[in-house]
Number of protein chains: 2
Amino acid sequence: MAEQPETDRRVRKTKQRLNEALNALMVEKGYDKVTVQDIINRADVGRSTFYAHYETKDNLLMSKIEHLKEDMHLALGDAPALTGPVIRCLPLFSHLSENHLIFKSMIGSHGIAKVSELVHAGLLQHVTEILERRSVEGDRHEVPVDVRAGFLTGSLLALAQWWLDRDMPYSPEQMDEMFQALTASA
Amino acid sequence: MAEQPETDRRVRKTKQRLNEALNALMVEKGYDKVTVQDIINRADVGRSTFYAHYETKDNLLMSKIEHLKEDMHLALGDAPALTGPVIRCLPLFSHLSENHLIFKSMIGSHGIAKVSELVHAGLLQHVTEILERRSVEGDRHEVPVDVRAGFLTGSLLALAQWWLDRDMPYSPEQMDEMFQALTASA
DNA sequence: TACGTTACTGAACACTGTGTTCTGTAACAG
DNA sequence: CTGTTACAGAACACAGTGTTCAGTAACGTA
């Protein structure tokens, strides 16, 4: 949201146009099939201008979703809960629902690999923290913390993708409830 | 395993060399970074010869793992069990362990997308069958079958990838046990 | 408003990789 | 032995990437 001032108006305009162009093209034909040429045509921006701002197409995508991690931290809450569900995933499902066109355009693409790595890593760290804290508080479990963390993180994201692939046949609230029920023994 | 006769000896040799070359290159530099040029150089095969047999690089990969689904069905057992664990995942973890070099070379690549779609779809169908059969047999569960199937399939594959990414820190037997424990409420 | 600075355009260029086509040659099955 | 088929190798058109550079326009500041 809050970009740095970016003194020059021209720079702001150019970056905005490139972002909007990528956005539209992603939804139209999927991230993978969008070329740099497409982007600069759509944005009506010179080739050299693109490369003056971004090294690659992936780079542009990254800058677009840079603040995703911050959003996520805010959504998950910075103070890991000691009781109740390990992950409050309602915010995740809601966010996916709101931006589902963009996220669907990344599915199966090379781009999502980087994005979901980012999300995955952040989520994994969060879950691990909670589980470790609970573990020292006396919460015994037959399965080691690292496996549980990997499992919870992975299955949440897998379920999220399942949900998106099928065009969200349940509400975010339902998905949240069901995820909690399914992972009750984890 | 059992290819069709393939009358001409030259054809067999060429295909075999291409397969071996892809195999070696995948392990060396990862599927994504392997080019058709690399493959034909390594295989010492003419460019036109490659395209006489395969349309693309992905095509060659697909033909290589065509029999994966059959293997999987055999491993999972054709008769879905009515009691006990929904998925016997020991065969999966064992198979991954045996071929981990190949599988690791596909991680994060575009190639794996197709491969894991294949595996995912097959596994999902298998799990759905079992759950549906158990459901009519009176096995009540608060979460709908489609969500449970998506969850189980997705989390198994997610856990498998977690395990491969970390160079298999537990034995296949341990992974199997832990997966059963974690999904006890699903 | 005038100034020096900075960003943008547009075209040219080298480069990598893909996929096709063709001719002559060698290996093949029967 | 003979007709058929696969192969090598080179040439080609094509698409996309990323760089460079000279000329031009917009910018922030004083």
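Provided above is the structure to which this section pertains.
Residues numbered from 1 in each chain as written. Chains lettered and ligands numbered in written order. Predicted model: local features only at pLDDT ≥ 70, side-chain atom pairs only at ≥ 80, totals over all residues. Heavy atoms only, no water.

A.B. asks: Is there a simple way to explain the pattern of salt bridges in this structure?
C.D. replies: Inspection of every chain in the model, using the stated rule, returns 8 salt bridges over all chains. A salt bridge links Asp38(A) to Lys29(A), with the nearest nitrogen and oxygen atoms 2.9 Å apart. One salt bridge connects Glu28(B) with Arg42(B), and the closest N-O pair in it is separated by 3.0 Å. Here Arg42(B) lies in helix H2 (residues 36-43) and Glu28(B) lies in helix H1 (residues 9-29), a separation of 14 residues in the sequence. (Salt bridge = Lys/Arg side-chain N within 4 Å of Asp/Glu carboxyl O. Helix = DSSP H or I, 4+ residues; strand = E, 2+ residues; numbered from the N terminus.)

A.B. asks: Looking at this structure, how should I read the environment of His141(A)?
C.D. replies: Mapped onto the elements of the fold, His141(A) is located in the loop between helix H8 (110-136) and helix H9 (145-165). Each C-alpha atom, one on His141(A) and one on Ala186(A), is 8.4 Å from the other, the two residues being 45 residues apart in sequence. In this structure, His141(A) is in contact with Arg148(A), Ser185(A), Ala186(A) and Leu182(B), ignoring residues within four places of it in sequence. At 3.1 Å, the side chain of His141(A) and the backbone nitrogen of Val143(A) are in polar contact. Here the side chain of His141(A) touches Ser185(A) through a polar contact of 3.0 Å, landing on its backbone oxygen. (Contact = heavy atoms within 4.5 Å. Polar contact = N/O pair within 3.5 Å; in protein donor to acceptor, adjacent residues only side chain to side chain.)

A.B. asks: For this particular structure, what's the right way to read the protein's contact with DNA strand D?
C.D. replies: Close to DNA strand D lie 21 residues, the nearest being Thr14(B), Gly46(B), Ser48(B), Thr49(B) and His53(B). In DNA strand D, the atoms that sit within 4 Å of the protein are 63% sugar and phosphate, with bases accounting for the remainder. Residue assignment for the surface near DNA strand D shows that the elements contributing at least two residues are helix H1 (9-29), helix H2 (36-43) and helix H3 (47-53) of chain A together with H1 and helix H3 (47-53) of chain B. Broken down by class, the residue content of the surface near DNA strand D amounts to 4 nonpolar, 10 polar and 7 charged. (Near = heavy atom within 4 Å. Nonpolar A, V, L, I, M, F, W, Y, C, P; charged D, E, K, R; others polar.)

A.B. asks: Even after reading the chapter, I still don't get the relation of the copies chain B and chain A, so can you show me in this structure?
C.D. replies: Each copy superposes on the other: chain B lies on chain A with an RMSD of 0.1 Å after a rotation of 180° and an axial shift of 0.0 Å. Here the symmetry operator amounts to a two-fold rotation axis. Scanning chain B for the C-alpha nearest the rotation axis identifies Ser155(B), at a separation of 2.1 Å. A shared interface surface links the copies, since 100% of the contact residues of chain B are contact residues in chain A too. (Least-squares fit on C-alpha atoms with pLDDT ≥ 70 in both.)

A.B. asks: Please explain the environment of Val34(A) as it appears in this structure.
C.D. replies: Residues and elements named next belong to chain A. Its location among the elements puts Val34 in the loop between H1 and H2. Counting along the chain gives 12 residues from Val34 to Leu22, while the straight-line C-alpha distance between them is 7.8 Å. Apart from the residues lying within four places of it in its own chain, the contact partners of Val34 are Leu22, Leu25, Met26, Lys29, Ile39 and Lys57.

A.B. asks: How should the interface of chain B and chain A be read in this particular structure?
C.D. replies: Frequently, the measure chosen for interface size is the accessible area removed from exposure when the parts meet. Each side of the interface is counted separately: chain B has 29 residues, and chain A has 29 residues. When chain B packs against chain A, close to 2,300 Å² is buried across both sides, 73% of that on carbon and sulfur atoms. It is Phe151(B), Trp162(B) and Leu182(B) in chain B that bury the most area against chain A; as a group they hold 28% of the surface buried on that side. At the boundary of chain B with chain A, the tally comes to 0 salt bridges. At the surface where chain B touches chain A, the tally comes to 6 residue pairs in polar contact (both at pLDDT 80 or more). Those elements that provide at least two residues to the side of chain B that touches chain A are helix H8 (110-136), helix H9 (145-165) and helix H10 (172-182) of chain B. Tallied by class, the residues present in the side of chain B that touches chain A amount to 16 nonpolar, 8 polar and 5 charged. (Buried area = accessible area lost by both parts, 1.4 Å probe.)

A.B. asks: Can you walk me through the protein's contact with DNA strand C in this structure?
C.D. replies: Inspection of the region around DNA strand C gives 21 residues, with Thr14(A), Gly46(A), Ser48(A), Thr49(A) and His53(A) positioned closest. Among all atoms of DNA strand C positioned within 4 Å of the protein, those belonging to sugar or phosphate total 58%. Between DNA strand C and His53(A), the relevant distance is 2.8 Å, taken from a phosphate oxygen to a side-chain nitrogen or oxygen of the residue. Within the contact set of DNA strand C, a base nitrogen lies 3.0 Å away from a side-chain nitrogen or oxygen of Arg47(B). Elements with a contribution of two residues or more to the surface near DNA strand C: H1 and H3 of chain A together with H1, H2 and H3 of chain B. Counted by class, the surface near DNA strand C contains 4 nonpolar, 10 polar and 7 charged residues.

A.B. asks: Is there a simple way to explain the side chain of Asp176(A) in this structure?
C.D. replies: All names here are of chain A. If you trace the backbone, Asp176 turns up in helix H10 (residues 172-182). Despite its burial, Asp176 pairs with no opposite charge; the closest candidate is Arg88, at 6.9 Å N-O. Ignoring anything within four residues of it in the chain, the contact list for Asp176 reads Cys89, Leu90 and Phe93. (Buried < 20%, exposed > 50% of the residue type's maximum accessible area, 1.4 Å probe, protein only. Lys, Arg positive; Asp, Glu negative; His and termini not counted.)

A.B. asks: Would you mind going over a positive patch on the surface with me for this structure?
C.D. replies: Residue and element names in this part refer to chain A. On the surface, Arg9, Arg12, Lys13 and Arg17 cluster together into a patch of positive charge. With respect to the helices and strands, Arg12 occurs in helix H1. Arg12 sits in the partly exposed class, given a relative accessible area of 42%. (Patch = residues over 30% accessible without salt bridge, like charges linked within 9 Å, V, L, I, M, F, W, Y side chains within 5 Å. Areas by Shrake-Rupley, 256 points an atom, 1.4 Å probe, with all protein chains shown as cover. Charge placed at Lys NZ, Arg CZ, Asp CG, Glu CD.)

A.B. asks: Can you walk me through unusual backbone geometry in this structure?
C.D. replies: Phi is mostly negative for residues that are not glycine, and the peptide bonds are mostly trans. Residues and elements named next belong to chain A. The phi angle at Asp44 is positive, at roughly 55°, despite the residue not being glycine. Mapped onto the fold, Asp44 is located in the loop between H2 and H3. One non-glycine residue, Asp167, adopts positive backbone phi at about 60°. Tracing the sequence through the fold places Asp167 in the loop between H9 and H10.

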